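Structural characterization, general
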Amino acid sequence: MSKPRVLSGIQPTADSFHLGNYLGALRNWVSMQSEFDCFYMIADMHALTVSPDPKDLEHRTLVSYAQLVALGIDPADSTIFVQSQVSEHAELMWVLSCLTGFGEANRMTQFKDKSAKQGNDSTNVGLFTYPILQASDILLYQPKAVPVGEDQRQHLELTRDLALRFNSRYKEVFTVPEAHIVKATAKITDLQEPTAKMSKSSPTGCLMLLDPLKTIEKKIKSAVTDSDTVIAFDPVNKAGVSNLLSILSVMSGHSIESLVREFEGQMYGALKTQVAEVVVAFAEDYQNKVNGLLADKAELSRLMTEGSKRAAGVAADTVSKVYSAVGFVSRGK
Ligand code: TRP
């Protein structure tokens, strides 16, 4: 029996993935490969909504691809592809746009938050239709489930609504996907502001996996702790220390309890040294792999093309069913 399909995506909006991306989502992408037929997409079209410099967007797309492979996503087994290389995403999006209510799109909280922050004049329409593009990304591949973080729940609900609406208005074309909300096994927070989620918007508190190893070490050693001296796990009262323990626990495979026992009587400096050692060792190996892949651009581009072609095969099949269901005249063979 064939494995059930999943699809997920990540935007190429930074020069490197960070530790929070890895521990919150990407580690799960790697492990899902054994049980699922995985489609993993680099969402460069979504990244365009923030108007990146073209050179940055291109570089970040390549680096994102290399990083997914370096983490252990096998391009021979999983389909890793670049969104803009599969033209069906834009095609399906138009059809789904015509099925989405203006008010319905206007209720998306991510759009409301972002546009409120930026003001209407610096908000583009792409940001408004972003969730409809995301629904297209998903429905094109007929996945059974979509592994995403809690922040994507509303976009997944819209996707399901659109699939059900299309199926009942026209024809049963789409699989209605389940949201597979990944509860991060460990909540990784900002090193400088340990009550906030780790995010690239806070450079000193965010561990970029492609940062120079010295920088990684320095960021960990400068992590905010507290004026107490006891190494204990208490995310409310000792957020900084608890975050370091969480990082060490997931990266080393040792339970928090065993780490707390091991560090009994020791100072924060000892904990930081060990966290730095484990993270730097991981990053060193990761960086070697990423650099190896980036050194052979021809091979990298061959892998990307292959993934995108495989994705396009599935996507074209869905779009042709959709076009026929809505009444577009067949363009023939
Ligand atoms: N919006 C998602 C995020 O910011 C990225 C994304 C784009 C995505 N298309 C997708 C995730 C399709 C899952 C499925 O994280």
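Just so we're clear, the structure is a prediction, and the values are computed from it rather than from any experiment.

**Thoughts on the overall build of the protein chain**
Regarding its fold elements, the protein chain presents 13 helices and five strands. Along the longest, intermediate and shortest principal axes, the C-alpha atoms of the protein chain span 75 × 45 × 45 Å. Buried residues in the protein chain amount to 47% of all 333 residues. In the protein chain, which carries 34 positive and 38 negative side-chain charges, the distance between the mean positions of the two groups comes to 4 Å.

**What about the pattern of salt bridges?**
Scanning the model with the defined rule gives 14 salt bridges in all. The partner of Asp228 in a salt bridge is Lys238, with the nearest N and O atoms 2.8 Å apart. You can see Asp228 sitting in the loop between α9 (213-221) and α10 (239-252) and its partner Lys238 sitting in the loop between α9 and α10, a full ten residues away along the chain. Close ionic contact of Glu306 with Arg302 constitutes a salt bridge, the shortest N to O distance being 2.8 Å.

**Let's talk about the site of the ligand**
What surrounds the ligand is a group of 14 residues, the closest being Gln11, Tyr130, Gln134, Asp137 and Gln152. At a separation of 3.0 Å, a nitrogen atom of the ligand approaches a polar side-chain atom of Gln134. Here the ligand, which alone exposes 360 Å², has 89% of that area covered by the protein. Within the residue set of the shell around the ligand, elements represented by two or more residues are β1 (5-10), α7 (125-139) and β4 (145-148). By residue number, the principal contributor to the shell around the ligand is α7, which donates four residues.

**Things to note about unusual backbone geometry**
The backbone phi angle of Ser51 is positive, close to 50°, even though this residue is not glycine. The topology assignment puts Ser51 in the loop between α2 (44-47) and α3 (54-70). Even without a glycine there, the phi angle at Gln142 is positive, about 50°. One can find Gln142 in the loop between α7 and β4.

**A short note on the nonpolar core**
Counting residues in hydrophobic clusters, the biggest one holds 58 residues, and the most contacted among them are Leu19 and Leu271. Considering every element that reaches this core, the biggest residue donor is helix α12 (residues 268-295), with ten residues. Two domains each provide a minimum of three residues to this core, namely domain 1 (5-186 + 297-326) and domain 2 (213-292). With residues up to four places along the chain from it excluded, the contact list for Leu19 reads Met198, Leu207, Leu209, Ile247 and Met251. Met93, Ala105, Ile181 and Ala311 belong to the second-largest nonpolar core, a separate cluster that totals 38 residues.

**Focus on α3**
With 17 residues, α3 extends 24 Å from end C-alpha to end C-alpha; this agrees with the ideal 24 Å at 1.5 Å per step. A large share of α3 lies buried, amounting to twelve of its 17 residues. Here α3 has its buried residues at Leu57, Arg60, Thr61, Leu62, Val63, Ser64, Tyr65, Ala66, Gln67, Leu68, Val69 and Ala70. Contact partners of the buried residues in α3: α1 (19-32), β2 (37-42), α2, β3 (79-82), α12 and α13 (297-326). Its side-chain oxygen 3.0 Å from the backbone nitrogen of Lys55, Asp53 forms the N-cap of α3. Downstream of α3 by a residue or two, Gly72 has a phi angle that is positive, lying close to 115°.

**A look at empty space enclosed by the protein**
Any empty space left between the atoms is revealed when a probe the size of a water molecule rolls over them. Under the definition given, this model contains one cavity of 30 Å³ or more. One number sums up the size of the largest cavity: a volume of about 60 Å³. Taken together, Gln110, Phe111, Lys114, Leu127, Tyr130, Pro131 and His155 form the lining of the largest cavity. Looking at the lining of the largest cavity, the elements that each hand over two or more residues are α6 (109-118) and α7. Of the residues contributing to the lining of the largest cavity, the split by class is four nonpolar, two polar and one charged.

**Observations regarding the packing of helix α4 (residues 88-97) against α7**
Interaxial distance between α4 and α7 falls to 8 Å at its minimum, and their mutual angle equals 120°. Between α4 and α7, the angle falls in the class oblique. α7 is crossed by α4, and the crossing has right-handed handedness. Each of His89, Leu92, Met93, Leu96 and Ser97 in α4 lies in contact with α7, whose residues at this interface are Thr129, Ile132, Leu133, Ala135, Ser136, Asp137 and Leu139.

**Re the environment of Arg261**
Here Arg261 lies in helix α11 (residues 256-262). A C-alpha to C-alpha distance of 40 Å links Arg261 and Pro12, two positions 249 residues apart in sequence.

**Regarding the pairing of β1**
Note that β1 and β2 share six bridges and pair parallel. Within β2, the residue paired with Ser8 across the bridge is Tyr40. For the segment spanning β1, α1 and β2, crossover handedness is right-handed.

Calculation notes
Residues numbered from 1 in each chain as written. Predicted model: local features only at pLDDT ≥ 70, side-chain atom pairs only at ≥ 80, totals over all residues. Heavy atoms only, no water. Helix = DSSP H or I, 4+ residues; strand = E, 2+ residues; numbered from the N terminus. Buried < 20%, exposed > 50% of the residue type's maximum accessible area, 1.4 Å probe, protein only. Lys, Arg positive; Asp, Glu negative; His and termini not counted. Charge placed at Lys NZ, Arg CZ, Asp CG, Glu CD. Salt bridge = Lys/Arg side-chain N within 4 Å of Asp/Glu carboxyl O. Near = heavy atom within 4 Å. Polar contact = N/O pair within 3.5 Å; in protein donor to acceptor, adjacent residues only side chain to side chain. Areas by Shrake-Rupley, 256 points an atom, 1.4 Å probe, with all protein chains shown as cover. Core = buried A, V, L, I, M, F, W, Y, C linked by side-chain atoms within 4.5 Å. Domains from an automatic or database assignment. Contact = heavy atoms within 4.5 Å. Expected span 1.5 Å × (residues − 1). 1 Å grid on protein atoms, 1.4 Å probe; cavity = no way out; pocket = protein on both sides within 12 Å on 5 of 7 lines; lining within 4 Å. Points joined across faces, edges and corners; volume = space filled by probe spheres on them. Nonpolar A, V, L, I, M, F, W, Y, C, P; charged D, E, K, R; others polar. Axes fitted to C-alpha atoms, helices over the stretch in contact; angles between N-to-C directions. Parallel < 35°, antiparallel > 145°, perpendicular 65-115°, else oblique. Left-handed = near helix turned anticlockwise from the far one by under 90°. Pairing = 2+ DSSP bridges. Right-handed = clockwise from strand over helix to strand, strands pointing away.

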